[in-house]
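Working through the structure, step by step
What follows is the residue order along each chain.
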Amino acid sequence: MPRTFRYQIMDIIKKRWSPQAYSQELIARDDILALVEAASFAPSCRNGQPWRFLIADEPDTLEKMRQVLSPSNQRWANQAPVLILIAARKTFADSGEINEWHEFDTGTAWGFLALEAQQRGIITHAMGGFDPDKAIELFNISDLYEIITVVAVGRYGDKSKLIKKLQEREFPKSRKSVEELLL
Ligand SMILES: Cc1cc2nc3c(=O)[nH]c(=O)nc-3n(C[C@H](O)[C@H](O)[C@H](O)COP(=O)(O)O)c2cc1C
(Lines give C-alpha, C1' and ligand atoms only; values in the text may rest on other atoms or scores of the structure.)
Protein backbone atom coordinates (compact mmCIF):
# COMPACT_ATOMS: atom_id res chain seq x y z
CA MET A 1 0.00 0.00 0.00
CA PRO A 2 1.46 3.39 -0.96
CA ARG A 3 1.65 6.13 1.65
CA THR A 4 -1.21 8.60 1.65
CA PHE A 5 -1.48 11.89 3.51
CA ARG A 6 -4.73 13.62 4.33
CA TYR A 7 -3.15 16.69 5.95
CA GLN A 8 -0.40 19.12 5.02
CA ILE A 9 2.33 17.81 7.26
CA MET A 10 6.06 18.59 7.00
CA ASP A 11 7.67 17.36 3.83
CA ILE A 12 10.62 15.73 5.61
CA ILE A 13 8.18 13.67 7.66
CA LYS A 14 6.40 12.56 4.49
CA LYS A 15 9.65 11.64 2.76
CA ARG A 16 11.50 9.85 5.56
CA TRP A 17 11.53 6.10 5.48
CA SER A 18 13.88 3.28 6.46
CA PRO A 19 15.71 1.98 3.40
CA GLN A 20 18.08 -0.98 3.27
CA ALA A 21 19.98 -0.07 0.08
CA TYR A 22 22.99 1.89 1.29
CA SER A 23 25.65 3.43 -0.92
CA GLN A 24 29.15 3.16 0.53
CA GLU A 25 29.73 6.89 -0.03
CA LEU A 26 31.31 8.30 3.12
CA ILE A 27 29.41 10.79 5.26
CA ALA A 28 31.30 13.88 6.42
CA ARG A 29 31.96 13.96 10.16
CA ASP A 30 30.28 17.38 10.33
CA ASP A 31 27.09 15.93 8.85
CA ILE A 32 27.13 13.16 11.45
CA LEU A 33 27.71 15.62 14.28
CA ALA A 34 24.90 17.81 12.94
CA LEU A 35 22.58 14.82 13.35
CA VAL A 36 23.70 14.51 16.96
CA GLU A 37 23.10 18.22 17.50
CA ALA A 38 19.60 17.94 16.03
CA ALA A 39 18.92 15.02 18.38
CA SER A 40 20.19 17.06 21.33
CA PHE A 41 17.43 19.61 20.83
CA ALA A 42 14.74 17.07 21.62
CA PRO A 43 12.73 17.87 24.74
CA SER A 44 13.44 15.69 27.77
CA CYS A 45 12.19 15.25 31.31
CA ARG A 46 13.88 17.89 33.53
CA ASN A 47 16.12 18.61 30.51
CA GLY A 48 18.01 15.51 31.58
CA GLN A 49 19.18 14.81 27.99
CA PRO A 50 19.70 11.09 28.63
CA TRP A 51 20.67 10.26 25.02
CA ARG A 52 24.24 9.23 24.16
CA PHE A 53 25.70 8.33 20.75
CA LEU A 54 28.53 6.01 19.84
CA ILE A 55 29.54 6.78 16.26
CA ALA A 56 31.13 4.06 14.14
CA ASP A 57 32.39 5.66 10.93
CA GLU A 58 35.93 4.37 10.59
CA PRO A 59 36.97 0.79 9.68
CA ASP A 60 37.87 -0.62 13.12
CA THR A 61 34.81 0.70 14.94
CA LEU A 62 32.51 -0.15 12.05
CA GLU A 63 33.78 -3.72 12.01
CA LYS A 64 33.04 -4.04 15.73
CA MET A 65 29.62 -2.41 15.44
CA ARG A 66 28.63 -4.76 12.61
CA GLN A 67 29.31 -7.73 14.92
CA VAL A 68 26.69 -6.32 17.30
CA LEU A 69 23.92 -6.51 14.67
CA SER A 70 21.67 -9.54 14.19
CA PRO A 71 22.58 -11.67 11.15
CA SER A 72 19.42 -10.55 9.31
CA ASN A 73 20.28 -6.87 9.79
CA GLN A 74 23.92 -7.48 8.82
CA ARG A 75 22.72 -8.57 5.37
CA TRP A 76 21.95 -4.96 4.46
CA ALA A 77 23.30 -2.73 7.25
CA ASN A 78 26.89 -3.88 6.69
CA GLN A 79 26.90 -1.65 3.60
CA ALA A 80 26.13 1.50 5.59
CA PRO A 81 29.17 3.79 5.98
CA VAL A 82 28.04 4.87 9.46
CA LEU A 83 26.41 2.98 12.32
CA ILE A 84 25.37 4.92 15.40
CA LEU A 85 24.61 3.14 18.64
CA ILE A 86 22.14 5.11 20.73
CA ALA A 87 22.11 4.60 24.48
CA ALA A 88 20.13 6.24 27.27
CA ARG A 89 21.35 7.18 30.72
CA LYS A 90 19.05 5.49 33.25
CA THR A 91 19.53 8.04 36.03
CA PHE A 92 19.54 11.83 36.16
CA ALA A 93 23.17 13.01 36.10
CA ASP A 94 22.60 15.74 38.69
CA SER A 95 20.71 13.81 41.39
CA GLY A 96 21.34 10.16 40.60
CA GLU A 97 17.57 9.49 40.76
CA ILE A 98 16.06 6.96 38.36
CA ASN A 99 14.90 8.70 35.17
CA GLU A 100 11.64 6.93 34.25
CA TRP A 101 11.63 8.78 30.94
CA HIS A 102 15.07 7.89 29.63
CA GLU A 103 13.75 5.62 26.88
CA PHE A 104 10.93 7.96 25.88
CA ASP A 105 13.25 10.97 25.65
CA THR A 106 15.91 9.06 23.73
CA GLY A 107 13.25 7.91 21.28
CA THR A 108 12.32 11.53 20.68
CA ALA A 109 15.99 12.35 20.08
CA TRP A 110 16.27 9.54 17.51
CA GLY A 111 13.25 11.04 15.72
CA PHE A 112 14.93 14.44 15.54
CA LEU A 113 18.13 12.82 14.27
CA ALA A 114 16.23 11.00 11.53
CA LEU A 115 14.48 14.16 10.35
CA GLU A 116 17.69 16.21 10.28
CA ALA A 117 19.24 13.42 8.22
CA GLN A 118 16.29 13.48 5.81
CA GLN A 119 16.76 17.24 5.41
CA ARG A 120 20.40 16.61 4.43
CA GLY A 121 19.60 13.85 1.93
CA ILE A 122 20.92 11.23 4.35
CA ILE A 123 18.99 8.03 5.03
CA THR A 124 18.60 6.36 8.43
CA HIS A 125 17.27 3.00 9.58
CA ALA A 126 16.94 2.13 13.26
CA MET A 127 17.44 -1.46 14.36
CA GLY A 128 16.20 -3.34 17.40
CA GLY A 129 17.81 -6.50 16.04
CA PHE A 130 21.19 -6.38 17.78
CA ASP A 131 22.92 -7.89 20.79
CA PRO A 132 23.17 -5.32 23.61
CA ASP A 133 25.46 -7.54 25.71
CA LYS A 134 27.91 -7.78 22.83
CA ALA A 135 27.82 -3.98 22.41
CA ILE A 136 28.53 -3.51 26.13
CA GLU A 137 31.43 -5.94 25.95
CA LEU A 138 33.01 -4.73 22.69
CA PHE A 139 32.68 -1.02 23.49
CA ASN A 140 33.05 -1.24 27.26
CA ILE A 141 29.80 0.67 27.88
CA SER A 142 29.01 1.58 31.50
CA ASP A 143 25.93 0.09 33.17
CA LEU A 144 24.72 3.65 33.71
CA TYR A 145 23.34 3.32 30.19
CA GLU A 146 20.69 1.22 28.50
CA ILE A 147 21.40 0.43 24.85
CA ILE A 148 18.35 1.45 22.86
CA THR A 149 19.15 0.94 19.18
CA VAL A 150 21.77 0.92 16.45
CA VAL A 151 21.01 3.19 13.49
CA ALA A 152 22.38 2.77 9.97
CA VAL A 153 23.22 6.13 8.38
CA GLY A 154 24.31 6.88 4.82
CA ARG A 155 23.11 7.76 1.33
CA TYR A 156 20.73 5.82 -0.83
CA GLY A 157 22.42 3.18 -2.95
CA ASP A 158 21.49 0.61 -5.56
CA LYS A 159 18.36 -1.35 -4.66
CA SER A 160 19.15 -4.01 -7.26
CA LYS A 161 22.21 -5.06 -5.22
CA LEU A 162 19.98 -6.24 -2.36
CA ILE A 163 18.99 -9.90 -2.24
CA LYS A 164 15.50 -10.52 -3.65
CA LYS A 165 13.81 -10.94 -0.27
CA LEU A 166 15.11 -7.53 0.85
CA GLN A 167 14.21 -5.89 -2.45
CA GLU A 168 10.62 -6.97 -1.90
CA ARG A 169 10.37 -4.91 1.28
CA GLU A 170 12.36 -1.91 0.00
CA PHE A 171 9.62 0.73 -0.08
CA PRO A 172 8.17 3.38 2.27
CA LYS A 173 5.65 1.65 4.54
CA SER A 174 2.09 2.88 4.86
CA ARG A 175 0.47 3.87 8.13
CA LYS A 176 -2.71 3.33 10.13
CA SER A 177 -5.28 6.05 9.54
CA VAL A 178 -5.56 8.91 12.02
CA GLU A 179 -8.93 7.48 13.19
CA GLU A 180 -7.34 4.16 14.11
CA LEU A 181 -4.93 5.96 16.43
CA LEU A 182 -7.56 7.70 18.53
CA LEU A 183 -8.51 5.99 21.81
C1 LIG B 1 13.14 0.82 17.53
C2 LIG B 1 13.10 0.29 16.11
C3 LIG B 1 13.60 -0.97 15.85
C4 LIG B 1 13.63 -1.45 14.53
N5 LIG B 1 14.25 -2.65 14.28
C6 LIG B 1 14.47 -3.01 13.00
C7 LIG B 1 15.30 -4.11 12.69
O8 LIG B 1 15.88 -4.76 13.58
N9 LIG B 1 15.47 -4.44 11.38
C10 LIG B 1 14.88 -3.73 10.37
O11 LIG B 1 15.10 -4.06 9.20
N12 LIG B 1 14.10 -2.66 10.63
C13 LIG B 1 13.90 -2.26 11.91
N14 LIG B 1 13.16 -1.13 12.18
C15 LIG B 1 12.56 -0.36 11.09
C16 LIG B 1 11.05 -0.49 11.10
O17 LIG B 1 10.69 -1.75 10.62
C18 LIG B 1 10.42 0.65 10.26
O19 LIG B 1 10.69 1.88 10.87
C20 LIG B 1 8.91 0.48 10.11
O21 LIG B 1 8.61 -0.68 9.36
C22 LIG B 1 8.26 1.66 9.43
O23 LIG B 1 8.86 1.88 8.20
P24 LIG B 1 9.51 3.28 7.80
O25 LIG B 1 10.54 3.64 8.86
O26 LIG B 1 10.16 3.02 6.46
O27 LIG B 1 8.42 4.30 7.73
C28 LIG B 1 13.10 -0.66 13.48
C29 LIG B 1 12.58 0.62 13.77
C30 LIG B 1 12.60 1.10 15.06
C31 LIG B 1 12.10 2.50 15.33
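Below is a short write-up of the structure. (Residues numbered from 1 in each chain as written. Predicted model: local features only at pLDDT ≥ 70, side-chain atom pairs only at ≥ 80, totals over all residues.)

What about the overall build of the protein?
Applied cut-off: In this description a helix means any DSSP run of H or I spanning at least four residues, a strand means any run of E spanning at least two, and both kinds are numbered starting from the N terminus. The globule rule used for comparison is 2.2 Å times the number of residues to the exponent 0.38, while the radius of gyration itself is calculated over C-alpha atoms. Between the buried cut of 20 or more and the exposed cut of 12 or fewer other C-beta atoms within 10 Å of a residue's own C-beta lies the partly exposed class, and all C-beta atoms are placed from the backbone. Contact definition: two residues whose C-beta atoms, as placed from backbone geometry, lie within 7 Å.
A tally of regular secondary structure across the protein gives seven helices and five strands. Across the protein, helices and strands are ordered from the amino to the carboxyl terminus as α-β-α-β-α-α-β-α-β-α-β-α. In terms of overall dimensions, the protein is globule-like: its C-alpha atoms have a radius of gyration of 17 Å, near the 16 Å expected for 183 residues. Viewed in the frame of its principal axes, the protein has a C-alpha envelope of about 50 × 45 × 30 Å. For the protein, the residues scored as buried account for 27% of the 183 residues in total. Taking the contacts inside the protein whose residues are at least 6 apart along the sequence as the reference set, 80% of them involve residues at least 24 apart.

Some details on the packing of helix α3 (residues 59-68) against helix α6 (residues 132-139)
Cut-off, in case you're wondering: Angular values range over 0 to 180 degrees, each being the angle between N-to-C directions of two axes fitted as lines to C-alpha atoms, with helices fitted over their stretch in contact. If an angle is under 35 degrees, it is roughly parallel; if it is over 145, roughly antiparallel; if it lies from 65 to 115, roughly perpendicular; otherwise it is oblique. The sense of a crossing depends on the near helix, which, turned anticlockwise from the far helix by less than a right angle, makes the crossing left-handed and, turned clockwise, makes it right-handed. Here the nonpolar group is Ala, Val, Leu, Ile, Met, Phe, Trp, Tyr, Cys and Pro; Asp, Glu, Lys and Arg are the charged ones; every other residue, Gly included, is treated as polar.
It is the contact of α3 with α6, at a shortest axis distance of 8 Å, that shows an interaxial angle of 155°. The angle between the axes of α3 and α6 places the two elements in the roughly antiparallel class. Handedness of the crossing formed by α3 with α6: right-handed. Packed against α3, whose contacting residues are Lys-64, Gln-67 and Val-68, the element α6 presents Lys-134, Ala-135 and Leu-138 at the interface. Here the residues of the contact of α3 with α6 sort into three nonpolar, one polar and two charged.

Side note on the packing of helix α2 (residues 29-40) against helix α5 (residues 102-119)
Axis separation between α2 and α5 bottoms out at 7 Å; the angle between their running directions is 135°. Classified by the angle their axes make, α2 and α5 are oblique. As α2 packs across α5, the resulting crossing turns out to be right-handed. The residues of α5 that touch α2, namely those facing Ala-34, Leu-35, Ala-38 and Ala-39, are Ala-109, Trp-110, Phe-112, Leu-113, Glu-116 and Ala-117.

Side note on the nonpolar core
Keep this limit in mind: A set of buried residues qualifies as a nonpolar core if it consists of Ala, Val, Leu, Ile, Met, Phe, Trp, Tyr and Cys joined through C-beta atoms within 7 Å.
Formed by 36 residues in total, the largest nonpolar core has its most connected members in Leu-83, Leu-85, Ile-86, Val-150, Ala-152 and Val-153. Apart from the residues within four sequence positions on either side, Val-150 is in contact with Met-65, Val-68, Leu-69, Leu-83, Leu-85, Met-127 and Phe-130.

Side note on the pairing of strand β5 (residues 145-156)
Selection criterion: At least two bridges found by DSSP between two strands are what make those strands a pair.
By the bridge criterion, two bridges tie strand β1 (residues 22-23) to β5 in an arrangement that is antiparallel. Across the sheet, Ser-23 pairs through a bridge with Arg-155, a residue of β5. Direction of pairing for strand β3 (residues 82-89) relative to β5: antiparallel, over a ladder of eight bridges. Across the sheet, Ala-88 pairs through a bridge with Glu-146, a residue of β5. Pairing between strand β4 (residues 123-127) and β5: five bridges, direction antiparallel. Within β5, the position partnered with Ala-126 by the bridge is Val-151.

A few points about the environment of Tyr-145
As for its placement among the helices and strands, Tyr-145 is situated in strand β5. Each C-alpha atom of the pair Tyr-145 and Arg-46 lies 18 Å from the other, and the pair is 99 residues apart in sequence. Apart from residues lying up to four places away in sequence, Tyr-145 is in contact with Arg-52, Ala-87, Ala-88, Arg-89 and Lys-90.

Quick word on unusual backbone geometry
Its identity as a non-glycine residue notwithstanding, Arg-46 has a phi of 55°, on the positive side. What makes Arg-46 partly exposed here is the crowd of 13 C-beta atoms within 10 Å. The phi torsion at Gln-49 lies on the positive side, around 45°, for a residue other than glycine.

Description of α5
Spelled out, the test is: Helices are assigned an expected span. That span is 1.5 Å times one less than the residue count.
Spanning 18 residues, α5 covers 26 Å between terminal C-alpha atoms, matching the ideal 26 Å at 1.5 Å per step. For α5, the complete set of buried residues consists of His-102, Asp-105, Thr-106, Ala-109, Trp-110, Leu-113, Ala-114, Glu-116 and Ala-117. Buried residues along α5 sit against α2, β2 (51-56), β3, β4 and β5. Taken from the residues just after α5, Gly-121 is the one with a positive phi, measuring 75°.

So far we have only geometry, and geometry alone does not tell us how the molecule works.
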